[in-house]
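Coordinate inspection notes
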Amino acid sequence: MTMQATPGQLVGQRVRRREDPRLVKGRGSYVDDMKLPGMLHLAFKRSDVAHGIIRSIDTSAAEAMPGVELVLTGAQLAEIIPPMPVATPFPAPDHHAVTPDRVRYVGEPIAVVVATDRFLAADAADVIEVDIEELPAVIDPERAANGDPAVIHEAFENNLAVPFAPAGTGVNPETLEVEDESALNEAFENADVVVSQRMFSQRLVPNAMEPRGVIARFEPGNDELTVWSTTQNPHIARTLLAAILGMGQHQVRVIAPDVGGGFGSKINVYGEDFAAAAISRDIGRPVKWIEDRSEAFMTTIHGRDVIGYIDLAATGEGKVTAVKMRLIADIGAYEMVLTAAIPTLVAFMISGVYDIPVVRAELTEVFTNKMPTDAYRGAGRPEGIYFLERAMDMLASELGMDPADVRRVNFIQPDQFPYTTAGGMVYDSGEYERLLDQALENAGWEQMKADRDAARAEGRIVGLGMSFYTEICGFGPSAAMPTVGLWEHASVSVERDGKVRASSGASSHGQGHETTFAQMLADDLGIPMDDISIIHGDTGQVREGTGTFGSRSQVVGGTALLMASGKVKDKMRVFAAQMLETQPGDLSFSDGMIGPTGQEDTGVAFAEVAGFAYIPIPLPPDTEPGLSEEAFWEPEGFTWPFGCYITQVEIDRDTGELELQRFVGVDDCGNVINPLIVAGQIHGGIAQGVGQALTEEAVYDEGSGQLLTASFMDYQIPRARDFPRFELDHTVTPSPLNPMGVKGIGEAGTIGSTPSIVNAAVDALSGHGVEHIDMMLRPEKLWRLIQGGDA
Amino acid sequence: MRVDGEHRFDLSRSVMWEHLLNPESLQGAIPGCTAFEEVAPETWELTAQVGVGPVRGTFTGRVELRDREPESRYTLIASGQGRPGGGQGEAVINLTDDGDGTHLRYEADVTVRGAIARVGGRLLTASARTMARQFFDAIEKEAKTATERSAAR
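Scoring rules and cut-offs
- Each chain carries its own residue numbering, running from 1 in the written order of its sequence.
- Ligands are numbered from 1 and chains lettered from A, in the order in which they are written.
- Totals for whole chains, interfaces and linings use all residues, but because this is a predicted model, local features are given only for residues with pLDDT of at least 70 and pairs of side-chain atoms are given and counted only at 80 or more.
- Excluding hydrogens and water, the side-chain values take into account all heavy atoms of the structure.
- Note on terminology: a nonpolar core comprises buried Ala, Val, Leu, Ile, Met, Phe, Trp, Tyr and Cys residues joined through side-chain atoms within 4.5 Å.
- Accessibility here uses a 1.4 Å probe with only protein chains present; expressed as a share of the type maximum, an area under 20% marks a residue as buried, one over 50% as exposed, and anything in between as partly exposed.
- Secondary structure is summarised from DSSP: a helix means a run of H or I of at least four residues, a strand means a run of E of at least two, and numbering begins at the N terminus for each.
- Annotation comment: domain bounds sourced from an automatic or database domain assignment.
- In what follows, residue pairs with any heavy atoms lying within 4.5 Å of each other are defined as contacts.
- Within 3.5 Å is the distance limit for a polar contact, defined as a pair of N or O atoms, with the added protein rule that one can donate a hydrogen and the other accept it, and that residues adjacent in sequence qualify only through two side-chain atoms.
- Buried area is calculated as the accessible area (1.4 Å probe) missing from two parts once they are joined, with the contributions of both summed.
- In what follows, salt bridge is the name for a side-chain nitrogen of Lys or Arg lying within 4 Å of a carboxyl oxygen of Asp or Glu.
- Residues are grouped as follows: nonpolar covers Ala, Val, Leu, Ile, Met, Phe, Trp, Tyr, Cys and Pro; charged covers Asp, Glu, Lys and Arg; every other residue, Gly included, is treated as polar.

**Some thoughts on the nonpolar core**
Residue and element names in this part refer to chain A. Residues F468 and I646 are the most contacted members of the largest nonpolar core, which totals 158 residues. Top contributing element to this core by residue count: helix α11 (residues 381-399), with 9 residues. Residues from two domains meet in this core; each of domain 2 (34-135 + 209-261 + 266-299) and domain 3 (303-475 + 637-786) gives at least three. If we skip the residues at most four places from it in the chain, F468 touches V353, Y354, E389, R407, F411, Y432, L435, L436, F642, G643 and C644. Counting residues in hydrophobic clusters, the runner-up holds 44 residues, among them F575, V609, A613 and I673.

**So, the side chain of A:K743**
Relative to the elements of secondary structure, A:K743 occurs in the loop between β28 (726-730) and α19 (748-764). A polar contact is formed between the side chain of A:K743 and the backbone oxygen of A:W640, at a distance of 3.0 Å.

**Quick word on the domain arrangement of chain A**
Residues and elements named next belong to chain A. For chain A, the assigned domains are domain 1 (20-27 + 487-633), domain 2 (34-135 + 209-261 + 266-299) and domain 3 (303-475 + 637-786). The straight-line distance from the C-alpha centre of domain 1 to that of domain 3 is 39 Å. Facing 17 residues of domain 1, the contacting portion of domain 3 comprises 19 residues. In total, domain 1 and domain 3 occlude about 1,300 Å² of area from one another, counting both sides; carbon and sulfur atoms represent 67% of this. When residues of domain 1 are sorted by the area they lose upon contact with domain 3, G550, S551 and V555 head the list and together hold 36% of the total. If you look at where domain 1 meets domain 3, you find 0 salt bridges. The interface formed by domain 1 and domain 3 contains 7 residue pairs in polar contact (both at pLDDT 80 or more). Secondary-structure elements contributing two or more residues to the side of domain 1 that touches domain 3 are α15 (513-525) and α16 (553-580). Ranked by the residues each element gives to the side of domain 1 that touches domain 3, the list is headed by α16, at 7 residues. In terms of residue class, the side of domain 1 that touches domain 3 is made up of 6 nonpolar, 10 polar and 1 charged.

**Structural notes on the interface of chain A and chain B**
Interfaces are often described in size by the accessible area the parts lose on coming together. Tallying the contact residues gives 14 residues for chain A and 12 residues for chain B. The junction of chain A with chain B conceals about 1,100 Å² of combined surface from both sides, 47% of it contributed by carbon and sulfur atoms. The largest contributions to the chain A side of the interface with chain B come from A:D48, A:Q706 and A:M713, which together make up 37% of the buried area. Counting across the interface, chain A meets chain B through 1 salt bridge. Salt-bridge contacts for A:D123 lead to B:R83; the nearest nitrogen and oxygen are separated by 3.9 Å. At the junction of chain A and chain B, the tally comes to 1 residue pair in polar contact (both at pLDDT 80 or more). Mapped by element, the contributors of at least two residues to the side of chain A that touches chain B are α4 (118-126) and α9 (293-299) of chain A. Here the residues of the side of chain A that touches chain B are counted per class, giving 6 nonpolar, 3 polar and 5 charged.

See the structure below:
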């Protein structure tokens, strides 16, 4: 593995995750593990129909059941809390925690039962009678955009939620009018070859291993609300809960204990969370709600669901001269916290890793009678890269070029960075050709092609796929999310005994922050990792924060920690300098000692300096006792990791089953803190990206709007046996935008793997006249193509 | 969702027609039926215990008979609701002679909602076919018993 890292003893090492012994031995502590005295349980009555008007609700039978303390309809709950917030600048329809009047998707809450245990609550919810006047279900987004067969929100004509176009693409981002068509027209008129294809990045269910859950405890004695939540971002949850409940931020504490995965789906604060908080405040008792798996399928946000009409113009040598994407995003029935922002990221990805002079992206977000979409691992970037990388392969095929060559002639060159795309994105750094060459060498690309051709000569259906991704990471400057802010906060406190408590607003829900952050601080402070504890996931212990999403924790959270650590070190130098009778500026930290740079072992022990800082006799001039510092840090721009995934697939002629035979990946996420954790993130990402390509699709019935894939019987996530050994490697192109030169890796695998697999399948079936296949690539679809029919 | 199928009865078309529309025979033949009451001409309300895979429960429903063409064709409009969800459907039933017996063909359009919908179409179709077969077997048995009884008299 090629790898260079910032100097130090632990950064760059494959340090095993400190949290794993706890998590894998069942010693973690999750929301559902918590039991509070006097706690009641919630169950939600949910809509069985996709679209309709609530005529009446009869809760009398539920209220009469044993153990039932309270039943609230949506209208009753709406009297104590306002509609839910969004964090995007786009207009949004009212979205109540529990709907008061209309239902707009299957699973939408209609009423909530409060009972002494969850089973009594669920039984009572079952007997609530709801009379709903059914309206036609709006399922097809392209029909929906004409108001067909119904309009879901009166204020949004033709179900149009958000029209959007990035600046700099010839479209006025304010009026969305096309101002300059000439460059685009010229490119397509003069093109030697044009590739056009409708593609679909289908709707997915995030499926975190731990479903959502919440406990809300309002203490009437001191007007304080504590919420235990499966959130990825406790501080955002705190801010939104306080706003909706009309409380001060100082009165609300949100705790995310161990959280079993999120993949973006736990960024949101959901109706159940607001309802739990409001009910606890109303009745003065703690309440708990834990989502069941069926609810997780229906009522946790979905991902993707974007149709792309892609047109690509190129010269006969394969140089791309223009790309046009007309995007239709099916965002479901409402806007949630980031719903409307996610598809805009698809538009921002339009250039990929290529130097494309003219681009045009036009996006329409459409309401349908489905669960709202929001961020799911990759969030907008997988869709954009899929569309572009499929089109690049179609171009290669059209010109009879090697897919590697068509990419190579279009790469943005190293001396062009920082590079501004035609769509206005600024890329921090990149060295694409070096990485491509590494991938081709590791894969043995020429041999792979020869082997494929030999296999085909035997009548086997074998294909090779390639994708080259970049992605927007390290979210980011606050301007990218003006309603929330996108900095991160950290604190580092050195205790009297020289042990360190450090906190971060980036809250781990499986990523391994407790390990990587400690590695980084151990090197910076020159002390053992075991002397450092990392605190996260509690707004009562971590003063401020943004959260873990958009591959930002190491980039933004890690840098904030380093800043706070730097401040503590400056102060320790002052105390140490007095002890050593020298100048603070000359002192460094190494191996538990603070001393002159290069001769730290002649100095004074880190723990001794810590002790002195708390009993400073005499106190150095202009210095406060103690060692506790905090820092906020915000990057000036996004980071842009990149990578190339080469895959080989074989399709069974008789069954249509696709076997993924090789997966060769080279990623560049800048400097690497912990290669083991980076590999873990890539492995998990690949699994989810392959899932989209091969087995996963959330399907709603066109007529009734029922979710047809509402359990693991009908929604297949891939298993370990579906994968070959991943052959992974790295190049290192540090980001100039943060002191560690890191870029983020949480989503890369998901983004790069999907197009590579589909490209391989299309290559495999190219002899059958196949130019494109929409995901997912289920065996029946492939079998029909082999038989010469339509997919 | 579309569910269709066929069934062969040993008894003649006129006998089967009589029993397929006879409330007493129906109550005995509908799988899990615990109550069956005529509430209007050719309209019945019923209660039945039904299970689809892991989802089980008591359903109350309404069945209406329409477009009756004696001994050859009729349409059933049905709707039902229970704790695990609900559904509605329309079934067209055609009877033709098949030697000494009767050939029945049914074509139903069914929409379901709730937990029943979520257990998956594959299970649902199989369950519906199984229930149809149970129903036809039971109604034929009823018809045979009644025929033998009247023959013995």
